[in-house]
Amino acid sequence: MVSLRSFSCFVLVFGLLYSASLVSAGDIVHHDNSLPQRPGCNNNFVLVKVPTRVDGVEQVEYVGVGARFGPTLESKEKHATLIKLAIADPPDCCSTPTNKLTGEVILVHRGNCSFTTKTKVAEAAGASAILIINNSTDLFKMVCEKGENVLDITIPVVMLPVDAGRNLEETVKNNSIVTLQLYSPKRPAVDVAEVFLWLMAVGTILCASYWSAWTAREEAVEQDKLLKDGSDEPLQLSTTSSRGVVEITVISAILFVVVASCFLIMLYKLMSFWFIEVLVVLFCIGGVEGLQTCFVALLSCFRWFRRFGESYVKVPFLGAVSYLTLAVCPFCIAFAVTWAVCRQNSLAWIGQDILGISLIITVLQIVRVPNLKVGVVLLSCAFMYDIFWVFVSKWWFRESVMIVVARGDRSGEDGIPMLLKIPRMFDPWGGYSIIGFGDIILPGLLVTFALRYDWLANKRLKSGYFLGTMSAYGLGLLVTYIALNLMDGHGQPALLYIVPFILGTLIVLGHKRGDLKTLWTTGEPERPCPHVRLQPQS
């Protein structure tokens, strides 16, 4: 099924890598230096949990956002006081409430006066905290107006989305007693999910590298055997063995960034439920091909299955297909369809990761970097692509395009499927730790190149380049997660940290060992050329 593999490779290299070169855990603290700050008005915008009870029975837990001003909230639920909720009268709380307050949390509507004015009125009336209902389902960042004195505000200020505010308001109007807590839990410094995600990324490249190197060595052995026999078949072998393998060129490496950027903008502008559905279909097609390829390769290691893998039947539109592939294909299709149908399930991430890992391994087996020069151009372009669409794009679009696309904002979904993700196990905010396919495939191309070179040059592990590049990738990804936690879970462009580690390691080692010129140009070590029988010229 070479033609189908080539099709999948073409679709998915541009349909998967465009998206996410991103590592994220979901940010709960928003550092926004574009909004005014001054003494008493310099809080970070933190998400706030608002668990509620109605007549003493636990009910819904809402999520709001804290204001730039006011005291900081407790970080643990057990330290947060359970307080009764009251409705402001007038609702906007721009003037002294008519109802008497004795330490309740007051629920007010947004509008007609500034946030600080509402807060001061509520505090003067005896409220212990103020909940402001936004006029939409979004959360608005509450700041201080120019010239306002906010040093005397001593009660917490939290904004709730309109649907949450209305629910609370209706419950109180039905003569029910509503009590609630306000606290903002901190994310743990390290979550187990990040450790497993690191192991998944490193393990995927490790498996793909050894498979690619083994294939390249088998091809070289076969070609050397034919050369020693003086056969006229080397050219035919080269053409046959490389069929279905795509070698990246300098031009295609540059074009990749241009095409990927256009695709990213298109997805950003057209982000919707139906567009995500299209991506799910493409992901399933690639996942089926990847899963099938990996299964066939694994089963072919056993002698009994190998016979079926070497026996072919002609299938319309697909050409020659092995019996083993035909046997495995229905299972792979069923697996992908089941995941697509049940992807909202809490355990669906397992199926997504299985499809994603098998797809990444297959792409790294099909797509190859021929030499270090192409690898440097590709990773350098990807490096700039990552930085631009995560950080610089904020200047033009007022938000990070890469982060918005990866999270699937405005689509009604949990994000695009072209990600490996694991639920954050000990995070009070929940969510997923994610890593984009691009952060594995792009560096993985150079790591697999290093191992192919080592095997063809008969280098030992310590004297070769694979150990260095593989360690550099692992270290770069580790630094990425450190930066992620230092930035309170705000998405980080992983290639910003990975690319310098990998390229620096390979170039320095190549220069030190005298192989840099060979790595840069041919990408293959010089092997003894056996006697080749020359045909007499007529």
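About the criteria used
- Residues numbered from 1 in each chain as written.
- Predicted model: local features only at pLDDT ≥ 70, side-chain atom pairs only at ≥ 80, totals over all residues.
- Heavy atoms only, no water.
- Helix = DSSP H or I, 4+ residues; strand = E, 2+ residues; numbered from the N terminus.
- Buried < 20%, exposed > 50% of the residue type's maximum accessible area, 1.4 Å probe, protein only.
- Contact = heavy atoms within 4.5 Å.
- Axes fitted to C-alpha atoms, helices over the stretch in contact; angles between N-to-C directions.
- Parallel < 35°, antiparallel > 145°, perpendicular 65-115°, else oblique.
- Left-handed = near helix turned anticlockwise from the far one by under 90°.
- Nonpolar A, V, L, I, M, F, W, Y, C, P; charged D, E, K, R; others polar.
- Polar contact = N/O pair within 3.5 Å; in protein donor to acceptor, adjacent residues only side chain to side chain.
- Salt bridge = Lys/Arg side-chain N within 4 Å of Asp/Glu carboxyl O.

(A) View of the overall build of the protein chain. Check the secondary structure of the protein chain and you find 16 helices and 15 strands. Across the 538 residues in the protein chain, those meeting the buried criterion constitute 51%. Across the protein chain, contacts joining residues at least 24 apart in sequence account for 75% of those joining residues at least 6 apart.

(B) Representation of the packing of helix α14 (residues 466–486) against helix α15 (residues 495–513). Orientation of α14 relative to α15, taken along the N-to-C sense of each, is 155 degrees, at an axis distance of 8 Å. One way to sum up the angle between α14 and α15 is to call them roughly antiparallel. Seen from above, α14 lies across α15 with right-handed handedness. Contacts between α14 and α15 involve Gly468, Thr469, Ala472, Tyr473, Leu475, Gly476, Leu477, Val479, Thr480 and Ala483 from the former and Tyr497, Ile498, Phe501, Ile502, Thr505, Leu506 and Leu509 from the latter. Class assignment of the residues belonging to the contact of α14 with α15 gives a composition of twelve nonpolar, five polar and no charged.

(C) Region of interest: the side chain of Asp92. Mapped onto the elements, Asp92 comes out in the loop between β5 (83–87) and β6 (105–109). Polar contacts involving the side chain of Asp92 include one to the main-chain amide nitrogen of Cys94, which spans 3.1 Å. Contact partners of Asp92, with chain neighbours within four places excluded, come to Val108, His109, Gly111, Asn112, Cys113 and Lys118.

(D) View of the packing of helix α7 (residues 273–299) against helix α9 (residues 323–341). Between α7 and α9, whose axes approach to 8 Å, the crossing angle comes to 140 degrees. When the axes of α7 and α9 are compared, the pair comes out oblique. Where α7 crosses over α9, the two elements pack in a sense that is right-handed. Touching Val280, Phe283, Cys284, Val288, Leu291, Gln292, Phe295, Val296 and Leu299 of α7 are Leu324, Thr325, Val328, Cys329, Phe331, Cys332, Ile333, Phe335, Ala336, Trp339 and Ala340, all from α9. A per-class count over the contact of α7 with α9 returns 18 nonpolar, two polar and no charged.

(E) Broad picture of the pattern of salt bridges. Summed over the entire model, instances satisfying the criterion amount to seven salt bridges. Here Glu58 ties to Arg53 by a salt bridge, and the two come within 3.7 Å at their closest N and O atoms. By relative accessible area, Glu58 is classed as exposed at 61%. Judged by its relative accessible area of 30%, Arg53 is partly exposed. With its nearest N and O atoms 3.8 Å apart, the salt bridge here joins Arg368 to Glu219. Of the two residues, Arg368 is situated in strand β13 (residues 367–368) and Glu219 in helix α4 (residues 192–228); the sequence distance between them amounts to 149 residues. Overall, the relative accessible area of 22% leaves Glu219 in the partly exposed class.

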